[in-house]
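Structural description and commentary
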Amino acid sequence: MLQLKRHPNKLGIGGWLLKGRWGYERYLYILHRITGLGILTYFLLHIFVTSSRVLGMKTWEAVMGVLHHPVFMLGEYAVYAAFIFHALNGIRLILIEYGFAVGKAEEPVYPYRSSVNVQRPLGVGVMVLAVILALVGAARFFMLNGG
Amino acid sequence: MTNERKSCEVVFHVRRFNPETDEKPYWQQFTVKVEPGMTVLDGLHQIKRQHDFSLAWRYSCRMGVCGSCGMLINGSATLACNTQILDISDRNLTIAALPNFKIIRDLVSDLSPMFEKHVAVLPYMLRDDIQEMHEPTGEYYQSPDDLLEYLQFTYCIKCGCCMAACPTMATDDAFLGPQPLAQAYRYTIDNRDDGTDRRKKAVTVEHGLFRCHYGGECSAVCPKGVDPARAIQLMKKQLFFDFLKLTKHKTPAHVLGRPEGVERNPKIPEPPPYTVEQE
Ligand code: FES
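Along each chain, residue indices are assigned from 1 in the same order as the chain's sequence is written. Here chains are named by letter from A upward and ligands by number from 1 upward, in the order in which they appear as written. Totals for whole chains, interfaces and linings use all residues, but because this is a predicted model, local features are given only for residues with pLDDT of at least 70 and pairs of side-chain atoms are given and counted only at 80 or more. Remark: hydrogens and water are excluded; side-chain values derive from all non-hydrogen atoms of the structure.

1. Examining the overall build of chain A
The line we're drawing: Numbering goes from the N terminus for both helices and strands, where a helix is a DSSP run of H or I of at least four residues and a strand is a run of E of at least two. Each residue gets one of three labels from its accessible area relative to the maximum for its type: buried under 20%, exposed over 50%, partly exposed in between, using a 1.4 Å probe on protein chains only.
Looking only at helices and strands, chain A features five helices and zero strands. If you list the helices and strands of chain A from N to C, you get α-α-α-α-α. Along the first, second and third principal axes, the C-alpha set of chain A runs to 70 × 50 × 25 Å. Here chain A holds 147 residues, and the buried ones make up 31% of them.

2. Some thoughts on helix α8 (residues 178–188) of chain B
Burial analysis of α8(B) places 11 of its 11 residues in the buried class, the great majority of the element. Within the sequence span of α8(B), burial applies to B:Pro178, B:Gln179, B:Pro180, B:Leu181, B:Ala182, B:Gln183, B:Ala184, B:Tyr185, B:Arg186, B:Tyr187 and B:Thr188.

3. Things to note about the nonpolar core
What counts is decided by this rule: Residues belong to a common nonpolar core when they are buried Ala, Val, Leu, Ile, Met, Phe, Trp, Tyr or Cys residues joined through side-chain atoms within 4.5 Å. For each domain, the first and last residues come from an automatic or database assignment. We call two residues in contact whenever any of their non-hydrogen atoms come within 4.5 Å of each other.
B:Phe12 and B:Leu44 are the most contacted members of the largest nonpolar core, which totals 72 residues. Residue contributions to this core peak at six residues, all from helix α11 (residues 228–243) of chain B. A domain-level breakdown of this core finds at least three residues from each of domain 1 (8–109) and domain 2 (112–247) of chain B. Those residues in contact with B:Leu44 that lie beyond four places of it in its chain are B:Phe12, B:Leu55, B:Trp57, B:Met71, B:Ile95 and B:Leu107. Of all hydrophobic cores here, the second largest spans seven residues; its members include A:Leu28, A:Phe85, A:Leu88 and A:Val126.

4. Describing the pairing of strand β4 (residues 76–79) of chain B
Both faces of the sheet carry side chains from a regular strand, because those side chains alternate between them. Residues and elements named next belong to chain B. Using the following cut-off: Strands are labelled as partners when DSSP assigns at least two bridges between them.
Burial along β4 is two-sided: the face carrying Ser 76 and Thr 78 and the face carrying Ala 77 and Leu 79 are both buried. Sheet analysis places strand β3 (residues 70–73) next to β4, joined by four bridges and oriented antiparallel. Across the sheet, the residue bridging to Met 71 is Thr 78, located in β4. Taking the residues that link successive antiparallel strands as the turn, the β3-β4 hairpin has two residues, and the phi of Asn 74 there is positive, at about 45°.

5. Side note on the pairing of β3(B)
Residue and element names in this part refer to chain B. Neither face of β3 is left uncovered, since the one carrying Gly 70 and Leu 72 and the one carrying Met 71 and Ile 73 both have all their residues buried. Here β3 pairs with strand β5 (residues 92–96) via two bridges, running antiparallel. Its bridge partner lying in β5, Leu 72 is registered against Ala 96.

6. What about the domain arrangement of chain B?
All names here are of chain B. Stated precisely, the cut-off is as follows: Throughout, the accessible surface (probe 1.4 Å) given up by two parts as they are put together, summed over both, is called the buried area. The salt bridge criterion pairs a side-chain nitrogen of Lys or Arg with a carboxyl oxygen of Asp or Glu, the two atoms within 4 Å. Under this definition, polar contacts are N or O atom pairs within 3.5 Å; protein pairs additionally need one hydrogen-donor-capable and one acceptor-capable atom, and for neighbouring residues in sequence, both atoms have to be side-chain atoms.
We note that the domain assignment places domain 1 (8–109) and domain 2 (112–247) within chain B. Taking only C-alpha atoms into account, the centre of domain 1 sits 30 Å from that of domain 2. The interface of domain 1 with domain 2 comprises 13 residues on the first partner and 14 residues on the second. Contact with domain 2 buries area across many residues of domain 1, yet Ala 77, Asn 100 and Phe 101 alone supply 48% of it, more than any other trio. Counting across the interface, domain 1 meets domain 2 through zero salt bridges. Connecting domain 1 to domain 2 are three residue pairs in polar contact (both at pLDDT 80 or more). Counting residues per element, the side of domain 1 that touches domain 2 draws most heavily on β4, at three residues.

Pasting the structure below:
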């Protein structure tokens with residue numbers, strides 16, 4: 001049989017962002033991955049930074065001095081916000097992925113209502129909570145550090 | 001807003017690729033006169049008739065039943081025959097082959113990896129009473145509630161739209177994907193089936209069931225309302241309870257024998273004779 005070449009058409013990382021109907025859940029999916037990677041990066045940096053203590057008091061203080069720069073303060077807040085999002089969305093995902101928030105199978109009658117619609121209130125509720133916690137955190141974070 | 005629609009000219013931006021002559025896909029534009037009621041599939045026919053007879057795509061039923069015409073229309077995976085052009089645009093339309101599958105030619109994507117994964121999850125009834133399966137003496141008992149448990153997932157037409165929209169598929173070739181996983185659940189939850197353990201082995205592979213993290217896209221794009229995301233989460237639930245030993249052992253549905261003392265209604269015709277030789 002004649003075998004013609006096929007052209008690869010995999011979306012790769014771009015596929016996280018492109019080619020969808022852009023449902024609310026897809027944003028959460030992407031943010032969950034990004035915040036997860038962000039927290040992991042922070043964790044590695046954290047080990048690296050705190051390990052500078054073994055190089056003596058001087059190095060430690062120098063490093064701490066750098067970390068008081070506003071950019072790092074902002075970064076720290078970003079880690080906090082990412083953590084809040086990741087934790088709350090994680091709880092939502094656990095509920096969904098163990099089948100507790102997706103409803104029962106139903107006959108598809110047009111216009112279709114899928115499990116995505118069923119779990120949406122949970123998704124919205126959890127994100128409202130995340131925003132509130134992030135704002136409360138912001139107030140405390142910047143007031144304490146600024147004042 | 002009025003529902004009145006007028007015919008207009010729509011520019012189709014079509015992603016072309018000919019394996020014999022092209023190194024990589026390119027975009028080509030065609031202007032199509034669109035009448036109200038025309039589907040994207042009709043538009044493609046128009047192009048073939050009036051502009052370029054070499055344009056290739058796959059279709060058969062023209063009514064959202066066969067699952068052949070899945071393609072990427074204005075960025076989302078859907079059926080060309082099920083999409084009214086004027087519903088989505090009266091100016092520009094981009095059409096490309098379904099992503100996450102290799103392109104055979106123009107809008108034809110190679111769905112065979114999906115079919116292979118589908119076969120891998122054992123999408124058929126698994127039971128021990130082989131004799132009964134081959135020469136049935138009656139029907140297996142099933143209540144309307146039992147039927148509802150899996151009915152939704154039987155509407156899958158294997159168009160591949162869910163596989164193209166899934167963000168996990170985009171970075172993980174080996175992921176079984178929404179279509180096969182939903183079908184694995186469809187059979188596992190069927191009360192006539194007794195293959196949960198075997199199917200469990202097939203779906204809990206490294207790139208299997210638990211790689212789904214609910215992007216929800218498969219269910220959003222499914223043209224038949226199959227809701228693969230729900231099937232996948234419900235299957236995880238089933239396996240989770242199974243792992244905790246909280247599920248009762250289910251005995252597969254028994255055979256409902258022919259009722260005794262009842263005459264067969266002579267108006268019901270006998271089945272036609274076999275057309276192939278029986279072993
Ligand atoms: S041609 Fe059959 S589904 Fe579109």
